[in-house]
Amino acid sequence: MPLSKKTDFLGLYSKEQKKIFLFILSMVHRQTDAEDIMQQTAAEMWRMFDRFKEGTNFAAWGITIARYRILDYRKKQVRNSLFLSEDVYRKVIQEFQAILPSSDKRKNALRGCLNKLKESDRRMLSMHYEDGFNYKQIAEKLRASKTGIYKIMARIHTNLNRCIQKTLLIWETNG
Amino acid sequence: MDNSQEQYDFTELVLLALQGEASPAQMQELNRILIARPDKVRVYVELMELFTEMSLQGSVEIPSTDVDSGKVVDSSTIVNSSDFDTWMKILAEEEKTALAIEIPKEEPEEGSIQKVEIPQKTKKISLSVIFSVAALLFIVLFIYVVPPVSTSVEVAVLTDSIQENWSDTNTSMQNGTRLLDDGTPLLLRKGFAELQFDTNARVVIEGPAEFQILAEDRIGLRYGRIYATVPQAATGFSVYTQNAKIIDLGTEFGVQTDIDGDTNLHVIKGKTTLIAGEKSDNKVSMEVGRGFAKKISGISSVISDIPCNTKLFARTFDSKENFVWRGEPINLADIVGGGNGFGTGVIGSAVDPLTGESFLLENVIDWTPHKGQEHYVPVTWHDFIDGVFVPDSELGPVTISSNGLQFELFPNTSHMVWAGVTNGGRLPEPLDEPAKDLWFNGLQYGNSLRPGIFMHSNLGVTFDLEAIRRAYPNITLTEFRTRCGICDNVPQRLPNADFWVLMDGQLRFNENAVKNDQFYEISIPISPSDRFLSLVTTDGGLDVCWSLEDGTPIPIDSDWCFFADPYLIVKAKE
């Protein structure tokens, strides 16, 4: 593949990867599985990049490819009880499409809301998202129970999401 | 339950699902809420987005400041310090002002003895690696670090084993045993084991080898040999070694790792991505395609080219037949010599066209040509050889198989035969001189390195492909490939012969009046329904001949017909 083509792919992928991953994550909900499917999807996108029509929606193209990967994944996991129902998946797709247009605004709002968090909450998030510790490891480091860490994290994430919702509402109200 | 607590509980369920730690009951609860509460579906997706934004490198960063001084610090320096009390106090203070949350004591998981693990800094959420542009530049969107496995599930099954000797293990390693992705080291001291992953990726492990099942699409190899056959649907299957990761891109490949850490990758089909190096700043990634092989030094992680060895790895085996296949084609000359097609036959062994029995050239005393049988002669001592016959249409269509298939396009021949259908060897000529090796197109043939079937006209032999399939159920016949012509060291007379190849009585190759220095490539695809493969030689007519002392004409003079490298090309059954 010519270098310019590679550059084109990298540019488009860098820009749109989040949407594709968010779609996958929303559909499979388990982080590690979503990462694996993202890997497969990205590899397939790269292989099929010659078929991508310039000027069309790269993210939508990637999501289409991802959907097949997800279908395969779900077929393989058909006996797995840790899945959401088909009805839920349909609703998830609808909501995913609904929040995409406000994605950039939500990202900006998140930055502000993170700054409003208490120091200890930020550190807790940092241990997970920046340093890569899972909840069990955080619990061990802090000599706390994993269940407790889940509850703390649940509170932090809930508050963050509320903050984002409120911020968007204020921005909308103020034009 | 107040509204806030309900929100927290819902978020906790989502986080449990994200981490893969939700129980079936918790997933049912999450499912129930999402069905009953459309507003929660929105929150679910928003939480997923929140997670994505904070995980994604180059996206939203989490500001971190020192509590006292306000300067930016690395949070890991706090948690790595011994000052846990300070940290806990901060947390405790925060929780005082938060809504009441009961933090229960941690209880060991029921029915299990928890392994004591030293917490390791696994990675900065792998998304950051997956999504980094640097990684993309190498076309590798994969991570080298093995993601942590939080729960163990069965992901593979031991489908077959042969000559196996497993080390003591908690897992009973019987055929049919389901294997967990818990990373337990498994030691195959000797023999072979085949694992089928639930993704349909299949690996053959050759002992001595130590390996670990890491996930449904990952296997770790500490040392030993692994051959992976990965169907398209399982693309992405990976083999981890101490210093490399090999990611399948729809392929077959073998990995050999020495106990010192050297890793050798041989790609037999398709292509792979190879990532080598232990630290992120010196990782190297490259695509390795079919026919190429790489060595990754265990000391320096330097990658170097090595010759691709297509016969190094056991690709499949059949414990019932005690058969291990390393990718070799099936050698029809070896079968003629009484072998299994993989080198167990006897060089210089032949099939007698008069009786169908086996004999050794070195034991032949009478080298006079004989009138052949007028009927098909079944071969009963080798399942793979259906029979032999003399091609001559003077008496009508010629029977070319035990089930009565006939072919009517052979010419009228002298019906004379000489020697037999022979697995190479040495032939006497002139009769009073020592036996001579067979030479074909400038190379010595008829030995184990360069096999061939010698068939002086007029002679035909039919192989039973179905019998071969029955004997080797794990492989598929795809093609018959050989080259034909007259041996170089034919006596100083004038050979003139015809070559024929039939499949189930249908003509697939024919070249008439072949003389010295004329060689032909033959390639015939084999379909699953093809059964009888016939190789035939006929004399080129009566124009070139000599006579016995009594005046009998010998029209088959010097027709030293030879099928060089007569192979059935095969592949592992999918």
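Residues numbered from 1 in each chain as written. Chains lettered and ligands numbered in written order. Predicted model: local features only at pLDDT ≥ 70, side-chain atom pairs only at ≥ 80, totals over all residues.

## Overview of the overall build of chain A
Okay, so step 1: The helix and strand inventory of chain A stands at eight helices and zero strands.
Okay, so step 2: Counting from the amino terminus, helix and strand elements in chain A follow one another as α-α-α-α-α-α-α-α.
Okay, so step 3: Counting over 175 residues, chain A shows a buried share of 46%.
Okay, so step 4: At a minimum sequence separation of 6, the contacts of chain A that also span at least 24 residues come to 64%. (Helix = DSSP H or I, 4+ residues; strand = E, 2+ residues; numbered from the N terminus. Buried ≥ 20, exposed ≤ 12 C-beta atoms within 10 Å, placed from the backbone. Contact = placed C-beta atoms within 7 Å.)

## Examining the overall build of chain B
Okay, so step 1: Scanning chain B from N- to C-terminus turns up nine helices and 38 strands.
Okay, so step 2: Burial analysis of chain B (574 residues in total) assigns 44% to the buried set.
Okay, so step 3: Residue pairs at least 24 apart in sequence account for 57% of intrachain contacts in chain B once pairs closer than 6 positions are excluded.

## Considering the packing of helix α8 (residues 146-173) of chain A against helix α1 (residues 3-18) of chain B
Okay, so step 1: In the contact formed by α8(A) and α1(B), the axes pass within 8 Å of each other and the chain directions differ by 110°. The angle between α8(A) and α1(B) falls in the class roughly perpendicular. Judged by the sense of rotation from one axis to the other, the crossing of α8(A) with α1(B) is right-handed. Facing α8(A), whose interface residues are Y150(A), K151(A), M153(A), A154(A), R155(A), H157(A) and T158(A), α1(B) presents Q7(B), Y8(B), T11(B), E12(B), L15(B) and L16(B).
Okay, so step 2: For the contact of α8(A) with α1(B), the residue count by class is six nonpolar, four polar and three charged. (Axes fitted to C-alpha atoms, helices over the stretch in contact; angles between N-to-C directions. Parallel < 35°, antiparallel > 145°, perpendicular 65-115°, else oblique. Left-handed = near helix turned anticlockwise from the far one by under 90°. Nonpolar A, V, L, I, M, F, W, Y, C, P; charged D, E, K, R; others polar.)

## A look at the packing of α1(B) against helix α2 (residues 24-36) of chain B
Two packed helices can be described by the angle between their axes and the distance between those axes.
All names here are of chain B.
Okay, so step 1: The N-to-C vectors of α1 and α2 enclose an angle of 125°; their axes lie 10 Å apart at closest approach. The angle between α1 and α2 falls in the class oblique. In this structure, α1 meets α2 at a crossing whose hand is left-handed. The residues of α2 that touch α1, namely those facing F10, L13, L16 and A17, are Q26, M27, E29, L30 and I33.
Okay, so step 2: Here the contact of α1 with α2 is built from residues that sort into seven nonpolar, one polar and one charged.

## Details of the nonpolar core
Okay, so step 1: In terms of nonpolar packing, the biggest core is built from 175 residues, with I24(A), I205(B), I226(B) and F562(B) touching the most fellow members.
Okay, so step 2: Ignoring anything within four residues of it in the chain, the contact list for I205(B) reads L188(B), F192(B), A193(B), L195(B), F211(B), G224(B) and I226(B). (Core = buried A, V, L, I, M, F, W, Y, C linked by C-beta atoms within 7 Å.)

## Some details on unusual backbone geometry
Residue and element names in this part refer to chain B.
Okay, so step 1: For the peptide bond that leads from G207 to P208, omega is 5°, which places it in the cis range.
Okay, so step 2: Among the secondary structure elements, P208 is positioned in strand β4 (residues 202-215).
Okay, so step 3: Residue N458 follows S457 across a cis peptide bond; omega there is 10°.
Okay, so step 4: Within the secondary structure layout, N458 lies in the loop between β29 (452-454) and β30 (459-464).

## Thoughts on the pairing of strand β13 (residues 303-306) of chain B
Residue and element names in this part refer to chain B.
Okay, so step 1: Relative to β13, strand β12 (residues 293-296) runs antiparallel, the two sharing four bridges. When the sheet's bridge partners are listed, K295 is paired in β13 with S304.
Okay, so step 2: Joining the antiparallel neighbours β12 and β13 is a turn of six residues, in which S301 adopts a positive phi near 65°. (Pairing = 2+ DSSP bridges.)

## Description of helix α2 (residues 31-47) of chain A
Okay, so step 1: Counted at 1.5 Å a residue, the expected span for α2(A) with its 17 residues is 24 Å, and the 24 Å between its end C-alpha atoms agrees.
Okay, so step 2: Counting buried residues in α2(A) gives twelve out of 17 residues, a clear majority hidden from the surface. (Expected span 1.5 Å × (residues − 1).)

## A word on the environment of A156(B)
Okay, so step 1: Within the fold, A156(B) resides in strand β1 (residues 154-166).
Okay, so step 2: When the 22 C-beta atoms within 10 Å are taken as the criterion, A156(B) is described as buried.

## A look at the sheet that holds strand β33 (residues 506-514) of chain B
Residue and element names in this part refer to chain B.
Okay, so step 1: Overall, antiparallel pairing links the six strands, which are arranged β20-β21-β30-β35-β32-β33 in an open sheet. Each end of this open sheet is capped by a strand with a single partner; those strands are β20 (377-378) and β33.
Okay, so step 2: Relative to strand β35 (residues 532-539), strand β32 (residues 497-503) is paired through seven bridges, and the arrangement is antiparallel. Bridge pairing in β35 links W500 to V536.

## Looking at the confidence of the model for chain A
Okay, so step 1: Of the residues in chain A, 92% have a pLDDT of 70 or more, and the chain-wide mean is 84.
Okay, so step 2: No element of chain A has a lower mean pLDDT than helix α1 (residues 3-28) of chain A, which averages 82, and none a higher one than α8(A), which averages 90. (pLDDT = per-residue confidence, 0-100.)

## Some points on the pairing of β12(B)
Okay, so step 1: Pairing of strand β9 (residues 263-269) of chain B with β12(B) involves four bridges; the strand directions are antiparallel. Looking across to β12(B), one finds that N264(B) is bridged to K295(B).

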